[in-house]
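Results of the structural survey
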Amino acid sequence: MLTGRGGVVTGWGIAVPDKVVTNDDLSATMDTNDAWIVERTGIRERRIGGTTSGLAIEAGRRALEHAGRTPDEIDAVVLATTTPDAIVPGTSATVQDGLGIAGGAFDVNAACSGFVYGLSVAHGLLAIGARRLLLIGADTLSRITDWDDRSVAVLVGDGAGAVVLEAVDGPGQLLSWNVGADGSLRHLLKCDHGGYLYMDGKEIFRKAVRVLVDSALQAVSEAGLTIDDIDLMVPHQANLRIITAACQRLGIPEDKAVMVIDRYGNTSSASIPLALVDALETGRLEKGANVLLTGFGGGMTWASAVLRWGG
Ligand code: ACO
């Protein structure tokens with residue numbers, strides 16, 4: 001159990017582009033089909049469009065409104081993204097300006113693990129005196145996708161999810177966290193300057209299940225809990241089969257895992273907050289529930305956190 005000054009989520013919001021692209025839409029332009037995509041990935045449709053900053057601003061504005069906070073009350077924007085609008089400046093600067101945030105702004109790039117990395121960093125800031133933070137996960141993978149490459153194009157979607165984190169005296173809601181990386185695997189998922197997203201899907205699949213399970217087990221144990229104490233799991237939404245395999249190995253019933261991949265595809269840094277907000281808005285997350293957030297992504301990176309909802 002962490003002690004000292006902690007944080008509590010007081011507001012949340014998401015933003016996704018209006019444009020829905022179904023599997024049938026994709027099979028009209030490339031050699032793929034709905035049955036293959038659903039069976040191999042669980043994805044039925046995805047939202048495509050917008051910019052990372054535009055989606056982040058929209059999600060951030062909703063989270064602020066929901067928390068009843070104004071931009072001048074926010075000490076920093078922490079933006080998890082792996083598809084920044086530009087190389088320089090950080091996309092968080094555009095978000096800061098767009099929302100009129102009074103405090104600082106910086107990007108965190110840990111690919112699909114970014115939101116949980118950002119959550120950990122944000123709690124560090126709260127522990128050393130920040131009062132309120134806006135944490136956003138936003139990505140537009142569609143902008144770095146070769147729409148003739150079916151091995152990647154069927155997987156990706158765009159979106160953003162945001163939370164307002166407020167400092168509290170005492171441990172707050174974060175019971176445990178861990179972040180990990182193995183840069184010797186960086187060739188498995190990459191996008192060079194000016195290039196397209198490349199991934200070795202099979203190898204990532206194999207590695208992902210292992211790192212997800214190890215990281216999740218470490219987080220649960222360091223929270224002083226057992227797997228049976230976990231009420232809800234919010235995994236990175238890369239592939240339904242990865243989530244199913246991870247649930248089996250962890251011994252978590254699949255109905256405790258939040259799945260939004262059918263609607264959104266892989267939205268990278270946005271995937272965990274999109275799933276978290278879905279759970280909140282469908283009444284699956286009540287005060288006092290133990291929530292496991294767990295993700296993996298390019299790098300390779302991985303990260304998990306256990307929250308006791310509501311602190
Ligand atoms: N439509 C139809 N057929 C396809 C498609 C497609 N879109 N893509 C591949 N195929 C074919 C292949 O050519 C192959 O045909 P063959 O047997 O004649 O050679 C067959 O389907 C099987 O292909 P595999 O690549 O073996 O399929 P697999 O079951 O491994 O599924 C997938 C591929 C979905 C990519 C899977 O490996 C996966 O999800 N991997 C993990 C991806 C992931 O998690 N990425 C992390 C992203 S995180 C981030 O940071 C962005």
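Basis of the calculations
- Residues numbered from 1 in each chain as written.
- Predicted model: local features only at pLDDT ≥ 70, side-chain atom pairs only at ≥ 80, totals over all residues.
- Heavy atoms only, no water.
- Helix = DSSP H or I, 4+ residues; strand = E, 2+ residues; numbered from the N terminus.
- Rg over C-alpha atoms; globule rule 2.2 N^0.38 Å.
- Contact = heavy atoms within 4.5 Å.
- Areas by Shrake-Rupley, 256 points an atom, 1.4 Å probe, with all protein chains shown as cover.
- Salt bridge = Lys/Arg side-chain N within 4 Å of Asp/Glu carboxyl O.
- Buried < 20%, exposed > 50% of the residue type's maximum accessible area, 1.4 Å probe, protein only.
- Domains from an automatic or database assignment.
- Buried area = accessible area lost by both parts, 1.4 Å probe.
- Polar contact = N/O pair within 3.5 Å; in protein donor to acceptor, adjacent residues only side chain to side chain.
- Near = heavy atom within 4 Å.
- Nonpolar A, V, L, I, M, F, W, Y, C, P; charged D, E, K, R; others polar.
- Pairing = 2+ DSSP bridges.
- Axes fitted to C-alpha atoms, helices over the stretch in contact; angles between N-to-C directions.

Check the secondary structure of the protein and you find ten helices and 13 strands. Taken over C-alpha atoms, the radius of gyration comes to 18 Å for the protein, in line with the 19 Å a tight globule of 311 residues would show. C-alpha atoms of the protein, sized along the principal axes, occupy 55 × 45 × 40 Å. Within the protein, counting contacts between residues at least 6 apart in sequence, those at least 24 apart form 77% of the total. Surface accessibility of the protein: about 12,400 Å² in total, with carbon and sulfur atoms responsible for 50%.

Looking now at the pattern of salt bridges. Pairs may arise between side chains of opposite charge once their charged atoms sit close together. With the rule as written, the count across this model stands at ten salt bridges. Here D75 ties to R131 by a salt bridge, and the two come within 2.7 Å at their closest N and O atoms. Here the residue D75 occupies a position in the loop between α3 (52-67) and β4 (76-80), and R131 occupies one in the loop between α5 (114-127) and β6 (132-140), the gap between them amounting to 56 residues. Relative accessible area serves as the criterion here: at 24%, D75 is assigned to the partly exposed category.

Annotation of the protein at the domain level lists domain 1 (5-169) and domain 2 (174-308). Averaged C-alpha coordinates put domain 1 and domain 2 at centres separated by 15 Å. Facing 46 residues of domain 1, the contacting portion of domain 2 comprises 43 residues. Summed over both partners, the interface of domain 1 with domain 2 buries about 3,500 Å², with 68% contributed by carbon and sulfur atoms. Between the two partners, domain 1 and domain 2, sit 17 residue pairs in polar contact (both at pLDDT 80 or more). For the side of domain 1 that touches domain 2, the secondary structure elements donating two or more residues are β1 (5-15), α2 (34-41), β3 (45-47), α5, β6 and β7 (158-169).

Inspection of the region around the ligand gives 25 residues, with T32, R40, C112, K202 and N239 positioned closest. With respect to the ligand, the side chain of N239 contributes an N or O atom lying 2.6 Å from an oxygen atom. Coverage of the ligand by the protein chains reaches 74% of its 1,000 Å² of free accessible surface. Sorting elements by how many residues they give to the shell around the ligand places helix α7 (residues 201-222) first, with four residues. Of the residues contributing to the shell around the ligand, the split by class is twelve nonpolar, eight polar and five charged.

A few words on the sheet that holds β1. The strand order across the open sheet formed by five strands is β1-β7-β6-β4-β5, and the pairing between neighbours is mixed. The sheet terminates laterally at β1 and β5 (104-108), the two strands that pair on one side only. Strand-to-strand, the axes of this sheet are offset by a mean angle of 20°, without reference to chain direction. Relative to β7, β6 is paired through nine bridges, and the arrangement is antiparallel. Residue pairing in the sheet places G137 in a bridge with G161 of β7. Set on the sheet, α3 makes contact with β1, β4, β6 and β7; between it and β1 the angle comes to about 120°.

What follows covers the environment of L135. Along the polypeptide, L135 turns up in strand β6. Expressed as a C-alpha distance, the spacing of L135 and L212, which sit 77 residues apart in the sequence, is 22 Å. Non-local contacts of L135, meaning those with residues more than four positions away in its chain, are made with V78, F115, G118, L119, G161, A162, V163 and L165.

With an omega of 0°, the peptide bond running from V88 to P89 counts as cis. With respect to the element layout, P89 can be found in the loop between β4 and α4 (91-99). A cis geometry characterises the amide bond from G299 onward to M300, with omega recorded as -15°. Look at S268: it is not a glycine, yet its phi comes out positive at around 55°.

The next point concerns the sheet that holds strand β11 (residues 232-235). For sheets, the rule is that strands pair by backbone hydrogen bonds, running either parallel or antiparallel. Strand order across the open sheet formed by four strands is β8-β13-β12-β11, with mixed pairing between neighbours. The open sheet has two edge strands, β8 (174-181) and β11, and neither has a second partner. When strand polarity is set aside, the average angle formed by the axes of neighbouring strands in this sheet is 10°. Relative to strand β13 (residues 301-308), strand β12 (residues 290-297) is paired through eight bridges, and the arrangement is antiparallel. If you follow G295 over to β13, its bridge partner there is A303. Set on the sheet, α5 makes contact with β8, β12 and β13; between it and β13 the angle comes to about 55°. In this fold helix α10 (residues 271-281) packs onto β11 and β12, with an angle of close to 150° to the strand it touches most, β11.

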